[in-house]
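An overview of the molecular structure
Spelled out, the chains give:
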Amino acid sequence: MSTPAQRARELRDEIVRHNDAYFVNDMPIIPDADYDALVRELRALEDAHPELRSETSVTQTVGAPHSSVFSEVRHGEPMLSLDNVFDEDELRTWCDRVAKGLDGEANEISFAVEPKIDGLALSITYVDGVLTQGSTRGDGRVGEDVTDNVRTIRNLPLTLAGAPRGRVDIRGEVFITKADFQDLNTRQREREGKEFANPRNAAAGSLRQKDSAVSASRPLSFLAYQLVDLDQSMMLTTHMSTIAKLSEWGFLTAAEIALVRGVDEMVARCTWFEEHRHELDYEVDGVVVKVDELSLRDQLGTTSRAPRWAIARKFPPEERTTRLLAIEVSIGRTGRATPYAVLEPVTVAGSTVSLATLHNQDQVAQKDVRPGDLVIVRKAGEVIPEIVGSVVEPGARRQDAWEFPRTCPECGGALVRIGEESDTYCVNPACPAQQLQQILHFASRSALDIEGLGEQRVAQLIQAGLISDVADLFSLSVEQLSTLEGFGDLSATSLVEAISEAKSAPLSRVLVGLGIRHVGPVAARELASSFGSFDELASAPIEELEAHDGIGEVIATSVFRYCRDPENVDLVSRLRRAGVELRETRSTSKEPQTLAGRAVVVTGTIEGYSRDEAEGAIVARGGSSPGSVSKKTYCVIIGEAPGASKLTKARDLGIPMIPGSSFTNFLSSGTWTTTVD
Ligand code: IVH
């Protein structure tokens, strides 16, 4: 056991090492959550033993010293960091502290709640409305001069129309949107054979380039959240009016920012952000709550590293480290053999994870993960947990590199790699694992959504010799099923009915269910609505398939081949004979998908739209329009005479309320600039 003083020293060394990796080299070694845990441990030690604290401790300072590549910039006002809280109780405690500092009631304070963007802080100086300098945060007092690179950020105004004379510093976050990050990484992979670990590293690495031509080639964006009025010429009194000013000058500001009053509304709004974090265009690792009144901020003041008037509520971490116990292989519906990690259970993004995918043989080799390693697990939203890589443990002995098995763990057949592909396949069409997965996929929610066909049932039906492919499902009878263990008359009848209902499913769902390679729900909808029937689709030449939105050469070729493979032709004709309709009612929607995946509730009357038209317009843009408000709701459109219960529910859940007068704008942009209080 080490003494508190020794442990504090160890922790400081460790944290300094990670600060360097994160702030100077843009290449973190461990996930943010592990880093936060080290800082919390050190803070707790220093609280228990105040004699261990010093002004230079990493708990009292910001960031890391700048490197020597750029010249130094002394900030006009320090660039502070934020203190963190990790749950609702800590957030409420912070509120109480703020109220005490103001001699007031927490419920009377107005807060701005905004996303905490995972990028890097930047300060941009404008003199007489003209951009003169850009600098990184550095240690908070002195940062790096990155002016040339900052000028290449495309969404940044170079002059501010109507700005007062004198100097203002605009502060905010440099980041890369999720979509831009995907494109950038595809390019990086093709050109350099390597990728950025995440958008934050990519943004940091791109801004801190010696050659500004490299920065210019990277898709950097800037979002503004603070204005430092060095010459006191602006007369701004609140955060929200500052944000409005920044937006008027042409800066991007957080569209989802909200002004709330009191603790409960603030907590609800934080929960809304957590629930919808994956629907935002950029990566967020939490929300920032700020006291809105600037005069109250002055009363509260700051510590050496962070303001007392703001707090970061961090979300449950999406990356954690844990021990890799073993690597195994599972067989999917196409026969693909996917290696996966068996892990010491760990809580990631709020749920326990003990299995995570390793994708394919090349990924295991490239990441060099071996049983026994300490590994980083990532789980984001609905996405399947995956292994990011190993954490190097200095001095640790590692096991030998893992070898991909040569035979299928399910049927014993050969596992083969075809051509240049990274994937390995079990090529035995009679492999029971493949049959099982194909049928499960056909019955799954995104395909025909057949209730009562879970994994155990399907395995039982295959084993009993009643089915071996999806067409067999339609000839199952109540008599056959009733003889099986676990089935009664009732469950047998409802399963046969559920299967029969699937016969009238739209073609798009059947296309998904057939599991044609590269055809996901979006492509299936496009193909089904364009061609209307399976026969039309099956007789189309490749060029005609490709002529449709979102259908490239890869999808077109895959569909073309599928429809000409004799086994598939036979399967589809058996489905047809069983009564499956294989038809789609044509949709004419060609609207931009501004609301893809978002649930938007409408209440009251909106001028210019009937209720059906309003809901139809949302659906046509990729959204859904449920009849009631829940925590899954993205926002509520408030028309004339709105429903009282919907309003209350939305307020309780912190869901943004958009005035009906902004509806048309909202449809075309997918975001809003005003909300209803
Ligand atoms: S306010 C004195 N607002 O988070 C005010 N910071 O962990 C300090 N960040 O250094 C910053 N989104 O780089 C603020 N909406 C937001 C933010 C935000 C991201 C970053 C910023 C800050 C860091 C602290």
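Quick look at the structure, then. All residue numbers refer to positions counted from 1 along the written sequence of the respective chain. Local features in this predicted model are restricted to residues of pLDDT 70 or higher, and side-chain atom pairs are both shown and tallied only at a pLDDT of 80 or more, whereas totals for entire chains, interfaces and linings draw on every residue. Computation of side-chain values covers all heavy atoms of the structure but excludes hydrogens and water.

**As for the overall build of the chain**
Short version of the rule: To qualify as a helix, a DSSP run of H or I must reach at least 4 residues; to qualify as a strand, a run of E must reach at least 2; elements of each kind are numbered from the N terminus. The globule rule is 2.2 Å times the number of residues to the power 0.38, and the radius of gyration it is compared with is taken over C-alpha atoms. Working definition: with a 1.4 Å probe on protein chains only, accessible area under 20% of the residue-type maximum means buried, over 50% means exposed, and in between means partly exposed. Any pair of residues with heavy atoms lying within 4.5 Å of one another is described as a contacting pair. Per-residue and other accessible areas follow the Shrake-Rupley method at a 1.4 Å probe size, with only the shown protein chains counted as cover for residues.
Regarding its fold elements, the chain presents 24 helices and 21 strands. Since a compact globule built from 677 residues should have a radius of gyration of about 26 Å, the 29 Å found for the chain is in line with a globular shape. Each principal axis of the C-alpha distribution contributes one length, and for the chain these read about 80 × 70 × 50 Å. Split into buried and exposed, the 677 residues of the chain put 47% on the buried side. Summarising the internal contacts of the chain: among those between residues at least 6 apart in sequence, 67% fall at separations of at least 24. As displayed, the chain offers around 33100 Å² of accessible surface, 48% of which is attributable to carbon and sulfur atoms.

**A few points about a nonpolar patch on the surface**
The condition that has to hold: Each patch groups residues whose relative accessible area exceeds 30% and which form no salt bridge, using 9 Å between like charges and 5 Å between nonpolar side chains of Val, Leu, Ile, Met, Phe, Trp and Tyr. One speaks of a salt bridge when a side-chain nitrogen belonging to Lys or Arg is within 4 Å of a carboxyl oxygen belonging to Asp or Glu.
On the surface, Val 416, Ile 418 and Val 427 cluster together into a nonpolar patch covering about 230 Å² of accessible area. Along the chain, Val 427 falls in the loop between β18 (424-426) and α12 (432-443).

**Overview of helix α22 (residues 611-620)**
Which entries qualify depends on this criterion: The arc refers to the directions leading from the helix axis to the C-beta atoms.
Residues Ala 614, Ala 617, Ile 618 and Ala 620 constitute the buried set of α22. What you see down the axis of α22 is that its buried residues fit within an arc of 165 degrees, all on one side. Summarising the contacts, the buried residues of α22 are in contact with β19 (599-603) and α24 (663-669). One or two steps after α22, the chain reaches Gly 622, where phi turns positive at roughly 95 degrees.

**Topic: a negative patch on the surface**
Rules: Just so you know, the count uses Lys and Arg for positive and Asp and Glu for negative, and it drops His and the chain ends. In plain terms, the charge of a residue is placed at NZ if it is Lys, CZ if Arg, CG if Asp and CD if Glu.
The grouping of Glu 536, Glu 543, Glu 544, Glu 546 and Glu 553 at the surface amounts to a negative patch. Of the residues forming the negative patch, the biggest block, three residues, is contributed by helix α19 (residues 542-546). For Glu 544, a relative accessible area of 41% gives the class partly exposed.

**Thoughts on the packing of helix α3 (residues 88-101) against helix α9 (residues 262-276)**
As a reminder of what qualifies: Axis lines are fitted through C-alpha atoms, for helices just across the contact stretch, and the angle between N-to-C directions can take any value from 0 to 180 degrees. By definition, turning the near helix anticlockwise from the far helix through less than a right angle yields a left-handed crossing, and turning it clockwise yields a right-handed one. Polar here means any residue outside two lists: the nonpolar Ala, Val, Leu, Ile, Met, Phe, Trp, Tyr, Cys and Pro, and the charged Asp, Glu, Lys and Arg; Gly therefore counts as polar.
Running from N to C, α3 and α9 cross one another at 140 degrees; their axes reach a closest spacing of 11 Å. Considering how the two elements wind past one another, α3 and α9 form a crossing that is right-handed. From α3, Glu 88, Leu 91, Arg 92 and Cys 95 reach across to α9, where they touch Val 263, Asp 264, Met 266, Val 267 and Cys 270. Within the contact of α3 with α9, the residues separate by chemical class into six nonpolar, no polar and three charged.

**Considering the packing of aromatic side chains**
Applicable threshold: Two rings belonging to Phe, Tyr or Trp (six-membered ring only in the last case) form a pair when the distance between their centres is within 6.5 Å. Interplanar angles under 30 degrees mark stacking, angles over 60 mark edge-to-face geometry, and anything in between is tilted.
Summed over the entire model, instances satisfying the criterion amount to 12 aromatic pairs. Here the aromatic rings of Tyr 126 and Phe 251 are separated by 5.9 Å at their centres, their planes lie at 85 degrees, and the arrangement is edge-to-face. Separated by 125 residues along the polypeptide, Tyr 126 in strand β4 (residues 120-127) and Phe 251 in the loop between α8 (239-248) and β9 (258-261) bring together distant segments of the chain. On the basis of relative accessible area, Tyr 126 is assigned to the buried category, the value being 0%.

**Here we look at empty space enclosed by the protein**
Selection rule: A 1.4 Å probe that fits into a set of points on a 1 Å grid over the protein atoms alone but cannot get out defines a cavity; an open set with protein on both sides within 12 Å along at least five of seven lines defines a pocket, and lining residues are those with an atom within 4 Å of a point. Grid points are joined across faces, edges and corners, and a volume is the space filled by probe spheres set on the points.
One pass over the structure, following the stated rule, counts one cavity of 30 Å³ or more. Quantified by volume, the largest cavity comes out at close to 30 Å³. Around the largest cavity, the lining residues are Val 73, Arg 74, His 75, Gly 76, Ser 123, Thr 125, Gln 133, Ser 135, Arg 167 and Asp 169. Listed by contribution, the elements that provide at least two residues to the lining of the largest cavity are β1 (72-74), β4, β5 (130-136) and β7 (167-175). Considered class by class, the residues forming the lining of the largest cavity number one nonpolar, six polar and three charged.

**A word on the sheet that holds β4**
Strand pairing in a sheet is mediated by backbone hydrogen bonds. Such pairs are either parallel or antiparallel. Going by this rule: In this scheme, strands are said to pair when DSSP sees at least two bridges between them.
Spatial ordering of the open sheet is given by β5-β4-β7-β8, a layout of four strands whose pairing is antiparallel. Sheet topology places β5 and β8 (221-229) at the edges, where each strand pairs with a single neighbour. On average, each strand axis in the sheet is tilted by 30 degrees relative to the strand beside it, whichever way the strands run. Across eight bridges, the pairing between β4 and β7 is antiparallel. The partner of Ser 123 across the bridge, within β7, is Arg 171. Contacting β4, β5 and β7, helix α6 (residues 199-207) runs over the sheet at an angle of about 40 degrees to β4. Sitting on the sheet, α8 is in contact with β7 and β8, with an inclination near 125 degrees to β8.

**Quick notes on the site of the ligand**
The cut-off we apply is this: The rule for a residue being near a molecule or strand is that one of its heavy atoms must lie within 4 Å of it. Identification of polar contacts relies on pairs of N or O atoms within 3.5 Å, with a donor-acceptor requirement for protein atoms, meaning one able to donate a hydrogen and the other able to accept it, and with residues adjacent in sequence counted only if both atoms are side-chain atoms.
What surrounds the ligand is a group of 16 residues, the closest being Glu 114, Lys 116, Arg 137, Glu 173 and Lys 290. Take Glu 114: an N or O atom from its side chain is 2.8 Å from a nitrogen atom of the ligand. In isolation the ligand offers 530 Å² of accessible surface; the protein chains occlude 91% of this area. The set of elements that each furnish at least two residues to the shell around the ligand consists of β3 (110-117), β8 and β10 (284-291).

**Some remarks on the nonpolar core**
In plain terms, the rule: Note on terminology: a nonpolar core comprises buried Ala, Val, Leu, Ile, Met, Phe, Trp, Tyr and Cys residues joined through side-chain atoms within 4.5 Å.
One finds Ile 170, Phe 222 and Phe 251 to be the most contacted residues of the largest nonpolar core, which totals 87 residues. The element that contributes the greatest number of residues to this core is α9, accounting for six residues. With sequence-adjacent residues up to four places away left out, Phe 251 is seen in contact with Tyr 126, Leu 156, Pro 157, Leu 160, Ile 170, Phe 222, Ala 224 and Leu 246. If you look at the next biggest cluster of nonpolar residues, it comprises 55 residues, including Leu 461, Leu 476, Phe 534 and Val 580.

**A short note on the environment of His 548**
Along the chain, His 548 turns up in the loop between α19 and α20 (553-564). With relative accessibility at 22%, the residue His 548 sits in the partly exposed group. Separated by 25 residues in the primary sequence, His 548 and Ala 523 have C-alpha atoms spaced 9.4 Å apart. Apart from residues lying up to four places away in sequence, His 548 is in contact with Glu 526, Ser 530 and Phe 531.

**Some thoughts on the sheet that holds strand β20 (residues 633-638)**
Reading across from one edge, β19-β20-β21 is the order of the three strands in this open sheet, with parallel pairing throughout. A single partner strand is all that each edge strand has here, and the edge strands are β19 and β21 (657-659). Geometrically, the sheet is characterised by an average inter-axis angle of 30 degrees between neighbouring strands, direction not taken into account.

**Details of the side chain of Glu 584**
Within the secondary structure layout, Glu 584 lies in the loop between α21 (566-577) and β19. One buried charged residue, Glu 584, remains without a salt bridge, the closest side chain of opposite sign being Arg 525 at 7.2 Å. A distance of 2.9 Å separates a polar side-chain atom of Glu 584 from the backbone nitrogen of Ser 508.

**Considerations on the side chain of Asn 360**
With respect to the secondary-structure elements, Asn 360 resides in the loop between β14 (351-357) and α11 (361-367). Looking at Asn 360, the relative accessible area reads 12%, which means it is buried. Within polar-contact distance, the side chain of Asn 360 engages the backbone nitrogen of Gln 363 at 2.9 Å. Not counting chain neighbours up to four residues away, the residues in contact with Asn 360 comprise Pro 339, Ser 422 and Asp 423.

**Section: the pairing of β5**
Taken together, the six bridges between β4 and β5 define a ladder with antiparallel strand orientation. Within β5, the residue paired with Val 127 across the bridge is Val 130. The hairpin formed by β4 and β5 contains two residues between the paired strands, and Asp 128 there has a positive phi angle of roughly 50 degrees.

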